[in-house]
Amino acid sequence: MSKGIYVLAEQRDGEIQKVSFELIGEGVRLAAALGQQVTAVLLGAGFADQGETLLHYGADNVIIAEDPLLAEYMTEPYAKVLARIIRADQPEIFLFGATTIGRDLAPRVSARVHTGLTADCTKLEIEPESKLLAMTRPAFGGNIMATIICERHRPQMATVRPGVMKALAKDTARAGVVKRIDCGLTAADHNADILQVVKSSQKALDITEAKILVSGGRGLGSARGFEALRDLAEALGGEVSSSRANVDAGWIAKDRQVGQTGKTVRPDLYLACGISGAIQHVAGMEGSNLIIAINKNDTAPIFDVADLGIVGDLKVIVPKLTAAIRRLKQERAAIS
Amino acid sequence: MKIIVCIKQVPDTTEVRLDPVTNTLIRDGVPSIINPDDKAGIEAALRLKEAAPDSEITVLCMGPPQADVALREALAMGCDQAILLSDRAFGGADTWATSSTIAAALKKLPYDLIITGRQAIDGDTAQVGPQIAEHLGLPQASYAEAIRVEGKRVIVKRQFEDRYQIIALPLPCLITALAELATPRYMSVAGILDAYREKRVQVWDLAAIRDTVDTANLGLKGSPTRVKKSFTKQAKGAGQVLRDLSADEAVEAIVGKLREKFII
């Protein structure tokens, strides 16, 4: 019988990616509903204490597969090792991050072991009666949500959008079993040559990690419009993000884009400036704790999701807001 | 070189709107288009053919009879042959069954390189390309941003969040195209005339692929996953919208909210 919730612990240059901890956190929640355990699977080379770290974030077990062929991601060696693990252990559920690696690997593995796969899930639940995994995801550019089940094939597989699930706090008191397995890779599995790997020169800023986002839309009017937003973000201790239009216009880098084709964020504060709130954008930010919107157009759909909406001109309001916040922080610094 | 481009006809989701009263999708009048990533794949194939003129490009689409229009557009752009994979038995397929069906058709065709789009804008799954590659036992490179052919291998710039890889895959193989791979050309007038007068779209039904697929893997019944329910998102309770404030009053309202929520 199938048993256990498995998650792929994704690493790049040996560093475990944040989405992996989120998957473990979600796995722990699902495991409680099933009375099963969470196993993190880590593929790569030259690991030190990464296995223990995965335990500290809530995994009951860790499976480590180490081989030089697994150091830098390649489809076939990764797919082969995961298919071997699935055939040997027959997990009930297998979760991947919906990253460029997860979205390359998970479909390949699902086709190999003949099971279903649901992409880019934003919500996972165990159905109380059937004990099936109910996987909910957006489609049609975020216009529709669909809940999908996989009844007869195992494992039930899903990729999960980074930034959506909650990681548990790290607890070094958590313990568990770390097992190393034989990868069973041969020269034949090396079916593509990596000629070159070029990493982004500066460590890519991850807007999904920001607690405060000041986000700009078409209403900024130009690339220079972001300067006032950067000042405000700095005053608040946050980062700048953007809607798709400004990325397409070349006003700001793609890694700042929030929405269906960008990133899903849920900061403590999302301050939407001149963003109309197309459904594709809202899909990426509606989970934010507090949403404040400034827009000239009082019928802008962003006001439907905003906790506080201000109908007005951001070009006047934003600089004044920046000044007011700086003043407040200075006063507070003077008192303490 | 023989190149096959797999395309999907999709509704232009940027044109889809929600009916504010019924909260359902308004699909009437929404145009059908070639999925953007797939169209970049067509353009990339056309450029490979320009570099190696004895190449032949076949474009393949699984879908209802109306998808003929998408294939004609691909022919008008310059593709050589078109195949519409269409049968009621293929309907209701999830990505596993879709990829099984398309792979069965590809098994009947000669190819050196298969190109699919990374993902379709209606489903956004990015699964069918890699699943086809698996069914055919081909090496794959997804998220391709640039490609070139060198002898018996293809060199791909493969994009990740924090890096890119330059990888070399032996032919035959499958790549999935990002929209960035190539900006599609427009159809020419002569191309449009050819697409409707000179060229034809072959229609392949179940009988055409029956010997390369287990029919248990097709359509709704061959799909491991099932949509249990679909729904439009409930808008979260709208908050307060303030109009006709002076800039100072607006700042005061925002600062008040930030203090209330302990942001500052």
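Residues numbered from 1 in each chain as written. Chains lettered and ligands numbered in written order. Predicted model: local features only at pLDDT ≥ 70, side-chain atom pairs only at ≥ 80, totals over all residues. Heavy atoms only, no water.

## A look at the domain arrangement of chain A
A common way to state how big an interface is: give the accessible area lost once the parts meet.
Residue and element names in this part refer to chain A.
Reasoning step 1: Domain parsing of chain A yields domain 1 (5–189) and domain 2 (207–335).
Reasoning step 2: Contact with domain 1, which involves 11 residues of that partner, is made by nine residues of domain 2.
Reasoning step 3: Regarding the contact of domain 1 and domain 2, the summed buried area is about 910 Å², with carbon and sulfur atoms giving 38% of it.
Reasoning step 4: Contact with domain 2 buries surface across domain 1, with K18, G141 and R161 losing the most and accounting together for 48% of the total.
Reasoning step 5: At the boundary of domain 1 and domain 2, one finds zero salt bridges. (Domains from an automatic or database assignment. Contact = heavy atoms within 4.5 Å. Buried area = accessible area lost by both parts, 1.4 Å probe. Salt bridge = Lys/Arg side-chain N within 4 Å of Asp/Glu carboxyl O.)

## Some words on the nonpolar core
Reasoning step 1: In this structure, I7, I42, I115, I147 and I175 of chain B are the most contacted members of the largest nonpolar core, which totals 40 residues.
Reasoning step 2: If sequence neighbours within four positions are ignored, I42 of chain B has contacts with V5, I7, I34, A74, M77 and C79 of chain B.
Reasoning step 3: Residues F226, A233, V247 and C273 of chain A belong to the second largest nonpolar core, which totals 36 residues. (Core = buried A, V, L, I, M, F, W, Y, C linked by side-chain atoms within 4.5 Å. Buried < 20%, exposed > 50% of the residue type's maximum accessible area, 1.4 Å probe, protein only.)

## Quick notes on the interface of chain B and chain A
Reasoning step 1: Taken together, the contact pairs 77 residues of chain B with 83 residues of chain A.
Reasoning step 2: Both faces considered, chain B and chain A share a buried interface measuring about 6900 Å² in area, 56% of it formed by carbon and sulfur atoms.
Reasoning step 3: Joining chain B to chain A, the criterion identifies 11 salt bridges.
Reasoning step 4: Among the salt bridges present, the one from R108 of chain A reaches E134 of chain B, with a minimum N-O distance of 2.8 Å.
Reasoning step 5: Of all the secondary structure elements, the ones that give two or more residues to the side of chain B that touches chain A are α3 (95–106), α4 (128–136), β9 (140–150), β10 (153–159), β11 (163–170), β14 (225–231), β15 (240–242) and α7 (247–260) of chain B.
Reasoning step 6: Considering each element in turn, the side of chain B that touches chain A owes the most residues, 10 residues, to α7 of chain B.
Reasoning step 7: Across the side of chain B that touches chain A, the residue classes break down as 36 nonpolar, 21 polar and 20 charged.
Reasoning step 8: Pairing of strand β13 (residues 193–199) of chain A with β11 of chain B involves six bridges; the strand directions are antiparallel. When the sheet's bridge partners are listed, K199 of chain A is paired in β11 of chain B with R163 of chain B. (Helix = DSSP H or I, 4+ residues; strand = E, 2+ residues; numbered from the N terminus. Nonpolar A, V, L, I, M, F, W, Y, C, P; charged D, E, K, R; others polar. Pairing = 2+ DSSP bridges.)

## Observations regarding the sheet that holds strand β10 (residues 144–150) of chain A
Reasoning step 1: Here we have four strands laid out as an open sheet, ordered β8(A)-β9(A)-β10(A)-β14(B), and antiparallel in their pairing. The two strands at the open ends of the sheet, each matched to only one other strand, are β8 (123–126) of chain A together with β14 of chain B. Ignoring strand direction, the axes of neighbouring strands in this sheet form an average angle of 25 degrees.
Reasoning step 2: Alignment of β10 of chain A against β14 of chain B, held across six bridges, turns out to be antiparallel. Bridged to I148 of chain A within β14 of chain B is V227 of chain B.
Reasoning step 3: Strands in contact with helix α1 (residues 18–34) of chain A are β8 and β9 (133–139) of chain A; relative to β8 of chain A, the strand with the most contacts, it is inclined by about 20 degrees. (Axes fitted to C-alpha atoms, helices over the stretch in contact; angles between N-to-C directions.)

## Description of unusual backbone geometry
Reasoning step 1: Cis rather than trans, the peptide bond between R154 of chain A and P155 of chain A has omega equal to 0 degrees.
Reasoning step 2: Position of P155 of chain A relative to the elements: it lies in the loop between β10 and β11 (156–160).
Reasoning step 3: Positive phi, normally seen in glycine, also occurs at D244 of chain B, with a value near 55 degrees.
Reasoning step 4: Structurally, the position occupied by D244 of chain B is in the loop between β15 and α7.
Reasoning step 5: What makes D244 of chain B exposed here is its relative accessible area of 76%.
Reasoning step 6: Phi angles above zero are rare outside glycine, and F262 of chain B is one such case at about 60 degrees.
Reasoning step 7: The topology assignment puts F262 of chain B in the segment after α7.
Reasoning step 8: Residue F262 of chain B is classed as exposed on the basis of its relative accessible area of 74%.

## Considering the pattern of salt bridges
Reasoning step 1: Taken as a whole, this structure holds 40 salt bridges over all chains when the rule is applied.
Reasoning step 2: Between E127 of chain A and K228 of chain B there is a salt bridge, with its nearest N and O atoms 2.7 Å apart. On the criterion of chain membership, the pair formed by E127 of chain A in the loop between β8 and β9 and K228 of chain B in strand β14 is interchain, its members lying in two chains.
Reasoning step 3: Judged by relative accessible area, which is 15%, E127 of chain A ranks as buried.
Reasoning step 4: Exposure remark for K228 of chain B: the relative accessible area of 44% places this residue in the partly exposed category.
Reasoning step 5: As a salt-bridge pair, R243 of chain B and D298 of chain A come within 3.1 Å of each other at their nearest N and O atoms. With one member in each of two chains, R243 of chain B in the loop between β15 and α7 and D298 of chain A in the loop between β17 (290–295) and α8 (302–305) form a pair that bridges those chains.
Reasoning step 6: Residue R243 of chain B is classed as partly exposed on the basis of its relative accessible area, which comes to 41%.
Reasoning step 7: The partly exposed category is assigned to D298 of chain A, whose relative accessible area is 35%.
Reasoning step 8: Connected through salt bridges with shared partners, the residues E10, R12, D13, E72 and K199 of chain A together with E161, D162 and R163 of chain B form a single ionic network.

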